[in-house]
Amino acid sequence: GIAWHNDHGEGNFSISAGLKNGKIVINMQEADGFLASILSGVHVESEFDFGVGFSTRSGIFFTGSSTLEIQLPLHASLGPVDLNALTLSVGLGSGGIPIGLALDIQAALGPIQAVVEQIGAQATLNFPSDHHGNLGPVDFSLGFKPPKGVGLSLNAGIVQGGGFLSIDPEHGEYSGALELVVADFLSLHAIGLITTKMPDGSSGFSLLVIITAEFAE
């Protein structure tokens, strides 16, 4: 579409184009034997809306929201650490393109087994309206990508159990559950929820933890 706006005596000309209800599918059904063997299980299906435009006031801009995510199975070991999956994600947001690279990691730490889901790094490409980024017209940033969740299991003789912590940094929420059995006579169950973003926008956090104990008869 083409639009002309005049706000307070200042004109703004913009032009844009877009695609609604798009869909992309990637799979290995028709791959040859070699590619099918090393890329087994790869299947990506993503729906998206996409738009790009230019205005004399904002420069290049993007509209819509989409994320393309590809997860490749891995079977690599580094001592007590196993790399189980590699995930590459490319997203589209307003004014920027986030690109993420993440790993699923499983580690054995004595009697403790730990699984960390999709921890890695994320790069973001932005296109400033004044065309003054750290790479000329492009602004590039690289940061830590927090994991989506952490799982733990424990087998230390008389104490056994495990739990999982789900992490949602975008909404500032952490939730998890833990269960431990001590000497087959005491069971401890814990459920916790942490919210770090307050509804009114103020700083602070809320914490809820529920712990129950059961004794075997």
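For the structure, check the block above.
Residues numbered from 1 in each chain as written. Predicted model: local features only at pLDDT ≥ 70, side-chain atom pairs only at ≥ 80, totals over all residues. Heavy atoms only, no water.

(A) Broad picture of the side chain of threonine 87. Mapping threonine 87 onto the fold places it in strand β6 (residues 81-92). Under the relative-accessibility criterion, threonine 87 is labelled buried at 3%. Setting aside its immediate chain neighbours within four residues, threonine 87 contacts Glu69, Ile70, Gln71, Gly100, Leu101, Ala102 and Gln118. (Helix = DSSP H or I, 4+ residues; strand = E, 2+ residues; numbered from the N terminus. Buried < 20%, exposed > 50% of the residue type's maximum accessible area, 1.4 Å probe, protein only. Contact = heavy atoms within 4.5 Å.)

(B) Summary view of the pairing of strand β13 (residues 186-195). Sheet topology places strand β12 (residues 173-182) next to β13; ten bridges connect them, and they run antiparallel. Within β13, the residue paired with serine 175 across the bridge is leucine 193. Here ten bridges tie β13 to strand β14 (residues 206-215), and the two strands are oriented antiparallel to one another. From the neighbouring strand, isoleucine 191 faces β14, where its bridge partner is isoleucine 210. (Pairing = 2+ DSSP bridges.)

(C) Structural context of unusual backbone geometry. Of note, the phi angle at glutamine 118 is positive, near 55 degrees, even though the residue is not glycine. Non-glycine residue aspartate 184 carries a positive phi angle of around 60 degrees. With respect to the element layout, aspartate 184 can be found in the loop between β12 and β13. On the basis of relative accessible area, aspartate 184 is assigned to the exposed category, the value being 70%.

(D) Layout of a nonpolar patch on the surface. A contiguous nonpolar patch, built from Ile194, Phe205, Leu207, Val209 and Ile211 and spanning about 510 Å² of accessible area, is present on the exposed surface. Among the elements that make up the nonpolar patch, the one with the highest residue count is β14 (three residues). Relative to the elements of secondary structure, valine 209 occurs in strand β14. (Patch = residues over 30% accessible without salt bridge, like charges linked within 9 Å, V, L, I, M, F, W, Y side chains within 5 Å. Areas by Shrake-Rupley, 256 points an atom, 1.4 Å probe, with all protein chains shown as cover. Salt bridge = Lys/Arg side-chain N within 4 Å of Asp/Glu carboxyl O.)

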